[in-house]
Amino acid sequence: MDQPLLISALLTHAERHHGDQQIVSRRVEGDVHRCTFRELGARARRMANALDAHGIDMGDRIATLAWNGYRHMELYYAVSGSGAVLHTLNPRLHPDQVAWIVNHAEDRILFFDLSFLPLVEAIVDRVPTVKAFVAMTDRAHMPATSKIRGLLCYEELVEDHSSEFHWPRFDEQRASSLCYTSGTTGNPKGALYSHRSTMLHTYAAALPDALNCSAADVILPVVPMFHVNAWGLPYVACMVGAKLVFPGPWLDGKSLHELIESEGVTLSAGVPTVWQGLLAHAESQGQGFKSMRRTIIGGSACPPAMTRSFQEQYGVHVLHAWGMTEMSPLGTVCALKPAQLALGDEARLAIQAKQGRAVFGVDMKIVDAEGKELPHDGAAAGELMVCGPWIIGSYFKGDGGNPLVDGWFPTGDVATIDAEGFMQITDRSKDVIKSGGEWIGSIDLENIAMAHPAVAMAACIAARHAKWGERPLLVVALKPGKSATRSELLGFYEGRIAKWWTPDDVVFVDSIPLGATGKMLKNRLRDLFQDHLLAVA
Ligand code: ADP
């Protein structure tokens with residue numbers, strides 16, 4: 001009972017009890033690679049010896065710039081298992097921001113996939129703490145670069161070191177991994193996870209009414225391993241012994257569909273924007289899914305139109321989930337209760353638009369502007385506060401101030417909670433539209449627009465208004481070859497929402513800008529269009 005909860009135990013368990021289970025990865029090099037949990041274990045131990053040989057100590061940060069793949073998975077275990085801290089960098093950020101984050105984290109080694117060579121070359125002279133750069137490939141594919149001195153080869157590090165290594169035993173409160181928030185405003189802030197928080201999160205995530213994973217599953221995490229540990233799936237897969245399928249850099253609808261079908265994927269996980277590509281591909285090719293039974297959708301609100309397509313057209317059940325970088329990330333999952341399962345399709349779909357109920361370990365409440373707790377009646381909306389053993393108490397190095405309020409972490413999301421405990425996000429507090437002192441939730445308005453057959457993507461933003469202060473403005477990107485007029489789209493809201501919530505106008509754009517984690521960049525849209533209503537008035 002005194003044994004600490006350590007991430008290395010997951011790997012040891014997977015090796016012993018699911019040694020033949022497979023990890024399939026589409027590689028940057030272009031081919032498909034297969035290995036087993038047994039091989040993963042041996043290679044992670046070799047890498048742990050390599051880290052030792054490079055003088056890496058407990059607590060040192062080791063950075064990765066990598067897609068989802070088996071080498072990244074080896075680093076997940078080799079780095080954390082040996083007591084160092086795996087720092088996953090988001091390669092979609094601007095090089096200046098990546099350099100800033102590496103310096104803040106004081107990373108010692110930087111491992112990178114070949115796709116990110118230009119990014120590494122752009123920052124190499126600005127990251128003095130990094131003592132070694134490692135290209136995650138074999139000797140034959142090593143890039144020719146004069147900019148990175150002494151570039152090391154991943155496969156050589158693995159080959160040159162023994163697979164004899166005993167995972168050290170240490171305090172479970174030690175740090176295991178580090179992920180920075182995207183920092184749409186201000187500097188990014190580091191969320192540091194511990195072995196204990198990660199292990200508890202893993203137990204909870206695997207549960208039937210959470211992500212519901214078992215040894216019978218074939219899991220495709222499309223959600224990146226570079227952002228909040230791919231929602232914990234690389235840990236869950238080892239805990240339950242599930243086959244893992246990694247897409248590498250190939251995230252378009254066609255590539256994903258091929259992989260899902262050829263590997264017999266049963267469960268996938270990703271943000272709505274990725275699934276849009278997959279659904280568009282499946283629809284255009286008249287293809288379905290042979291084996292996929294469930295998909296976890298989170299990171300931003302899953303539009304009910306998407307849930308409907310997956311479930312009614314393809315027989316793939318949607319699990320809507322919500323979380324944050326600061327929460328490791330899992331907070332809620334929309335797993336229906338028995339009485340809800342017995343409801344008709346439309347009533348169930350309406351519940352599935354909610355982000356769901358708290359997984360055990362996460363406590364939630366909603367509060368008003370004075371911090372007074374609001375009722376769980378499905379109507380009162382307030383700021384969502386959370387606490388639990390995998391939610392941060394402070395940011396890395398204490399930078400970013402003390403985030404907690406009376407021990408609760410303020411999420412910055414505005415939400416309702418109903419009597420069954422189902423939470424629904426109406427907005428991020430900074431995206432809320434304040435019309436004449438009343439709040440209008442932009443997510444509801446976006447969900448309605450997304451149900452229109454011509455709409456590919458929709459964002460609703462607060463535009464300045466002479467009389468009401470702010471009014472909703474709908475920004476729409478249409479599907480290729482489809483058309484819809486302003487009045488058609490505004491007419492689509494009739495009967496679906498209170499009249500005064502209807503957007504005042506529609507702006508058509510070629511595409512909606514997306515951030516580094518696939519979310520709509522509403523602040524950029526606000527910069528562009530916040531004066532639109534004043535201009536047309
Ligand atoms: P960042 O974009 O700052 O990196 P995270 O990846 O941590 O942030 O995202 C956390 C935020 O994403 C949440 O606070 C919430 O606003 C939003 N989010 C995540 N999942 C959902 C969801 N299912 N529905 C609506 N919003 C979501």
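Up top is the structure.
Scoring rules and cut-offs
Residues numbered from 1 in each chain as written. Predicted model: local features only at pLDDT ≥ 70, side-chain atom pairs only at ≥ 80, totals over all residues. Heavy atoms only, no water. Helix = DSSP H or I, 4+ residues; strand = E, 2+ residues; numbered from the N terminus. Buried < 20%, exposed > 50% of the residue type's maximum accessible area, 1.4 Å probe, protein only. Contact = heavy atoms within 4.5 Å. Lys, Arg positive; Asp, Glu negative; His and termini not counted. Charge placed at Lys NZ, Arg CZ, Asp CG, Glu CD. Core = buried A, V, L, I, M, F, W, Y, C linked by side-chain atoms within 4.5 Å. Domains from an automatic or database assignment. Near = heavy atom within 4 Å. Polar contact = N/O pair within 3.5 Å; in protein donor to acceptor, adjacent residues only side chain to side chain. Nonpolar A, V, L, I, M, F, W, Y, C, P; charged D, E, K, R; others polar. Axes fitted to C-alpha atoms, helices over the stretch in contact; angles between N-to-C directions. Parallel < 35°, antiparallel > 145°, perpendicular 65-115°, else oblique.

1. What about the overall build of the protein?
Helix and strand counts for the protein come out as 17 helices and 25 strands. Taking the principal axes of its C-alpha atoms as reference, the protein extends roughly 70 × 50 × 45 Å. When the 537 residues of the protein are sorted by exposure, 59% land in the buried category. Counted over contacts in the protein with a minimum sequence separation of 6, partners at least 24 positions apart contribute 67%. Across the protein, the centroid of the 49 positively charged side chains sits 2 Å from that of the 59 negatively charged ones.

2. So, the nonpolar core
With 113 residues, the main nonpolar core has M47, M73, Y77, F111, W275 and F310 as its most contacted residues. The residues that make up this core include at least three from each of domain 1 (8-246) and domain 2 (356-428). If we skip the residues at most four places from it in the chain, W275 touches V222, L256, S268, A269, G270, T295, I296, I297, M306 and F310. Within the second largest apolar cluster, 32 residues are counted, among which are V98, L119, C153 and F396.

3. Some remarks on the site of the ligand
Around the ligand, a shell composed of 17 residues is seen, among which S182, A321, T325, D413 and K519 lie nearest. Here Q355 contributes a side-chain N or O atom positioned 2.8 Å from a nitrogen atom of the ligand. Here the shell around the ligand is composed, by residue class, of 4 nonpolar, 10 polar and 3 charged.

4. Topic: the packing of helix 7 (residues 195-206) against helix 8 (residues 233-240)
At a minimum axis distance of 9 Å, the contact between helix 7 and helix 8 shows a crossing angle of 70°. In terms of orientation, helix 7 and helix 8 fall into the roughly perpendicular class. The residues of helix 8 that touch helix 7, namely those facing T198, M199, T202, Y203, A205 and A206, are Y235, V236, M239 and V240. For the contact of helix 7 with helix 8, the per-class residue count stands at 8 nonpolar, 2 polar and no charged.

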